[in-house]
Amino acid sequence: MPHDKTKLEQARAYEAREGAAIPASDRPRLHLTPWVGWMNDPNGFCYYRGAYHLFYQYHPYDTKWGPMHWGHAVTRDLLHWDYLPCALAPDTPADALGCFSGSAIELPDGRLELLYTGVSGTNESPVQAQCVALGDGLDFEKLPHNPVIPSRQQPEGFCEADFRDPRIWREGDRYYCVAAGRHKENGGSIELFESRDALHWEFVTVLDASRDTLGAIWECPDFFPLDGSQVLVVSPQSIGPVEDPEIRPGYGTLALLGDYDAGTHRFERRSVQMLDHGMEFYAPQTVLTPDGRRVMIAWMQNWETSNDAPRRHSWFGGMTLPRELFVRDGRLCQRPVRELESLWQDEVLLRGLTVDGDADLPRLAGRYLDLDLVLDAAQSPDCRALTLRFACGGGLFTQVRWEADRGELVFDRSRCGTRRDIPHIRRIPAQPRNGKLTLRLILDGECAELFVNDGERTITALLDTPLQAEGISLHSDGAARVDIARHTLA
Ligand code: FRU
C-alpha cells in the first residue's frame, strides 16, 4: 500500500510555484541553494542513471529549520544544478517528526534506495531510527515496516534520541552503513551495521568514539578509503577543549585518518584534522565519481552561526562547490572539481609581478571568479607580509594576509559589511611549499572558498557584501614576487 502523499504533493506544488518566483540573480551562480525555503545537510549524494543526484535537508515553507523534508537536485557536470521535486516529506508514523539526514545507493535491480533517519515519538522525547524509501530517482515509496534499523538494535548504553545520519556503501556482496550514535560514557560514537540486501541490518561494531573530547555527537559520518588511508569524516557538536590549537571548539567537521581492516572491521585512528577552517562549513558528504574521484560537498553554513544569520533572500542555506579529495603527506586535501576550469573566461595573467606597498589590480576585479596567486617566497626574502583584498568597494573588503615570520594566514571578513557579532577572523598555519605559497580563491557572489597550498587547508565563508564591491588589491610589506592567474566564472 503506497503511503498517503498529501504532504509531499503540497510541498511539490509549493516549491514549483514559489521557486519560480525567485530570480536567478538572487542566487549564487554555481553554489546550490534550496529551491525555496531552508536547506541544511547534503543527503544521498550519488551517481545514478548518468547524473549526480543530491538531496538535502529541506524545510520549503520557511527560511528557518522546521519539519524536515528531502529536497532534490541533479547535475551532470557538478556545476549546474536542476531542481527536481521534493523527494521525501515527514508523512508516516516512522518519520512523523522529520526525515533527517541519510544517503543513497543503487540496488542491483536498478532502484535507488534512500536510507535516512526517521524521527518519531514526541518533540520532548524523540526517537531516531533508520528508514528506507525505494524509487526511480524521482518518486520514492517508503517501506511499510520502517524503520529498518530501530533504535533498540544499538548496543547497551546508546540513547534512542540521538541515532542518525546513516551513510551506506557496498563492499563485495555486503552492504554497510555507519551512523551517528551517542553513548552514555563514550559520547559521540560511530556505529557500523551490515546487511545482505540493504534492507535488513545487523549491528557490527563501534568504529570510533569521541570519549567526550571531540564532541557530544558525531553527526553525518562518512567513511571511505582514499590514497592508501581510511578516512572517517564526522561533524561533531560541541567539540573541545582540545590540545591541538587547529581544532576549534563548537560545531566543526573533522577528518580522522587511519587504517581499516575490512575483515575484522577495526578502524585504527592515526590522526585528526579540521576539515575546513572557515565559518560556514558542516556535514559534508562524498560521492565516488565514475572516473574514480572522491568528490565532497558540504553545507555552506554552520549551526553555530546560522540561527543569527540575516535572511535577506527568500531562501536560506547553500552548498559548497563540489571538491575533489586526496591525501598528501598524511593530510586530507581538497581542490575544487576540475570541471570548474571548463567555465573559465576572460583570462588575465600577471606573471613575475613585483609588489612593494599597495598594488591596485583593476583588471582582476569581479565577484564571479577563480583567482590563483603564487607568492615566490624563496625569491622574496624581504616580504614580511602579503595581503590580498577582495570584494572591495564602498569602504568594504575581505582580506587574507600571510605573515611570514609567524608562518600564518589570517582570513578576515570583519569589514565585509556584516552586522553580526559572530566569528569573522580565522588564523591558520601556512608555510611555503617548495619555496612557494599558493592561494586559490573562488568567488561566486557572496560565497568565498579559499584553497591554501593546493588544498592543504581550506577556508569557506559567506560575505555579506553587496555584489557591486568587486575590487581586488594586493599589499606587500617588503618586495614580493607574485604570479597571478584570474578567470571569470560565467
Ligand atoms: C546535522 C544534523 C543531522 C540531522 C539533521 C537534521 O546538521 O543535525 O545530524 O540529521 O541535521 O536536519
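These remarks concern the structure in this document. The model shown is predicted, which means the values in this text are computed figures rather than measured ones.

Quick look at the packing of aromatic side chains
Then, number 1: In this structure the tally under the stated criterion is 20 aromatic pairs.
Then, number 2: Aromatic side chains F223 and Y260 sit 4.9 Å apart centroid to centroid with 80° between the ring planes, which places their arrangement in the edge-to-face category. On the criterion of sequence distance, the pair formed by F223 in strand β13 (residues 217-226) and Y260 in strand β15 (residues 254-261) is long-range, its members being 37 residues apart. Grouping residues by exposure puts F223 and Y260 together as buried.

A short note on the site of the ligand
Then, number 1: In the neighbourhood of the ligand, the contacting residues comprise N40, D41, Q57, W65, M68, F100, S101, R164, D165, E219, Y282 and W303.
Then, number 2: Contact distances for the ligand include 3.1 Å between an oxygen atom and a side-chain N or O atom of N40.
Then, number 3: The separation between an oxygen atom of the ligand and a polar side-chain atom of Q57 is 2.7 Å.
Then, number 4: Here the ligand has 320 Å² of accessible area as a free molecule, and 95% of this is covered by the chains.
Then, number 5: Elements that contribute at least two residues to the shell around the ligand include exactly β1 (37-48), β5 (98-106) and β9 (158-171).

Focus: the sheet that holds strand β8 (residues 140-142)
Then, number 1: Spatial ordering of the open sheet is given by β5-β6-β7-β8, a layout of four strands whose pairing is antiparallel. Lying at the two open borders of the sheet, with one neighbouring strand each, are β5 and β8. Pairwise comparison of adjacent strand axes, ignoring direction, gives a mean angle of 30° for this sheet.
Then, number 2: Looking at chain direction, strand β7 (residues 126-135) and β8 are connected through three bridges and run antiparallel. By the bridge assignment, A133 is partnered in β8 with K142.

Considering the pairing of β7
Then, number 1: Extensive coverage of β7 is indicated by the burial of eight of its 10 residues.
Then, number 2: Examined bridge by bridge, strand β6 (residues 112-121) and β7 share 10 bridges and lie antiparallel to one another. Across the sheet, the residue bridging to L112 is G135, located in β7.
Then, number 3: What sits between the antiparallel neighbours β6 and β7 is a turn of four residues.
Then, number 4: Counting the residues in the hairpin turn of β7 and β8 gives four residues, including G137, whose phi is positive at 95°.

Examining the pattern of salt bridges
A side chain of one charge can pair with a side chain of the opposite charge if their charged atoms are brought near each other.
Then, number 1: One pass over the structure, following the stated rule, counts 37 salt bridges.
Then, number 2: Notably, a salt bridge pairs E219 with R164, separated by 2.7 Å at the nearest N-O pair. Taken together, the residues span a long stretch of sequence, with E219 in strand β13 and R164 in strand β9 at a distance of 55 residues.
Then, number 3: Linking E408 and R427 is a salt bridge whose minimum nitrogen-to-oxygen distance equals 2.6 Å. Within this pair, whereas E408 is found in strand β26 (residues 408-412), its partner R427 is found in strand β27 (residues 425-429), the two being separated by 19 residues in sequence.
Then, number 4: With relative accessibility at 42%, the residue R427 sits in the partly exposed group.

Brief notes about helix α1 (residues 6-20)
Then, number 1: Compared with an ideal rise of 1.5 Å per residue, which puts 15 residues at 21 Å, α1 spans 21 Å between its outermost C-alpha atoms and is within 8% of the ideal.
Then, number 2: Those residues of α1 not exposed but buried are L8, A11, R12, E15 and G19. Projected onto a plane normal to the axis of α1, the buried residues spread over an arc of 100° and lie on a single side.
Then, number 3: On its buried face, α1 sits against β2 (51-59), β3 (69-75) and β4 (82-88).

Structural notes on the side chain of T289
Then, number 1: You can see T289 is positioned in the loop between β17 (282-288) and β18 (294-299).
Then, number 2: Residue classification places T289 among the buried residues on the basis of a relative accessible area of 3%.
Then, number 3: Separated by 2.8 Å, the side chain of T289 and the backbone nitrogen of R293 make a polar contact.

Some thoughts on the side chain of D165
Then, number 1: Tracing the backbone through its elements, the reader meets D165 in strand β9.
Then, number 2: When sequence neighbours within four positions are dropped, the list of residues in contact with D165 reads S101, T117, Q130, V178, A179, E219, C220 and P221.

So, the nonpolar core
Then, number 1: Ranked by internal contacts, the top residues of the largest apolar core, which has 38 residues, are L373, L375, F390, L450, L474 and I484.
Then, number 2: If you tally residues by element for this core, the top one is strand β31 (residues 471-489), at five residues.
Then, number 3: Here L474 is in contact with V355, G357, D358, A359, L361, L373, L386, T387, L388, V482 and I484, once residues within four sequence places are set aside.

Examining the sheet that holds β3
Then, number 1: Pairing in this open sheet of five strands is mixed, and the strands run β4-β3-β2-β1-β19 from one edge to the other. Looking along the sheet, the strands with just one partner apiece sit at the ends: β4 and β19 (315-316).
Then, number 2: Bridging between β3 and β4 involves four bridges; their strand directions are antiparallel. Directly across from H72, in β4, lies its bridge partner L84.
Then, number 3: Across the sheet, α1 lies against β2, β3 and β4, angled at about 160° from β4, the strand it touches most.

Conventions and cut-offs
- Residues numbered from 1 in each chain as written.
- Predicted model: local features only at pLDDT ≥ 70, side-chain atom pairs only at ≥ 80, totals over all residues.
- Heavy atoms only, no water.
- Phe/Tyr/Trp six-rings, centres within 6.5 Å; stacked < 30°, edge-to-face > 60°.
- Helix = DSSP H or I, 4+ residues; strand = E, 2+ residues; numbered from the N terminus.
- Buried < 20%, exposed > 50% of the residue type's maximum accessible area, 1.4 Å probe, protein only.
- Near = heavy atom within 4 Å.
- Polar contact = N/O pair within 3.5 Å; in protein donor to acceptor, adjacent residues only side chain to side chain.
- Areas by Shrake-Rupley, 256 points an atom, 1.4 Å probe, with all protein chains shown as cover.
- Pairing = 2+ DSSP bridges.
- Axes fitted to C-alpha atoms, helices over the stretch in contact; angles between N-to-C directions.
- Salt bridge = Lys/Arg side-chain N within 4 Å of Asp/Glu carboxyl O.
- Expected span 1.5 Å × (residues − 1).
- Arc of directions from axis to C-beta.
- Contact = heavy atoms within 4.5 Å.
- Core = buried A, V, L, I, M, F, W, Y, C linked by side-chain atoms within 4.5 Å.

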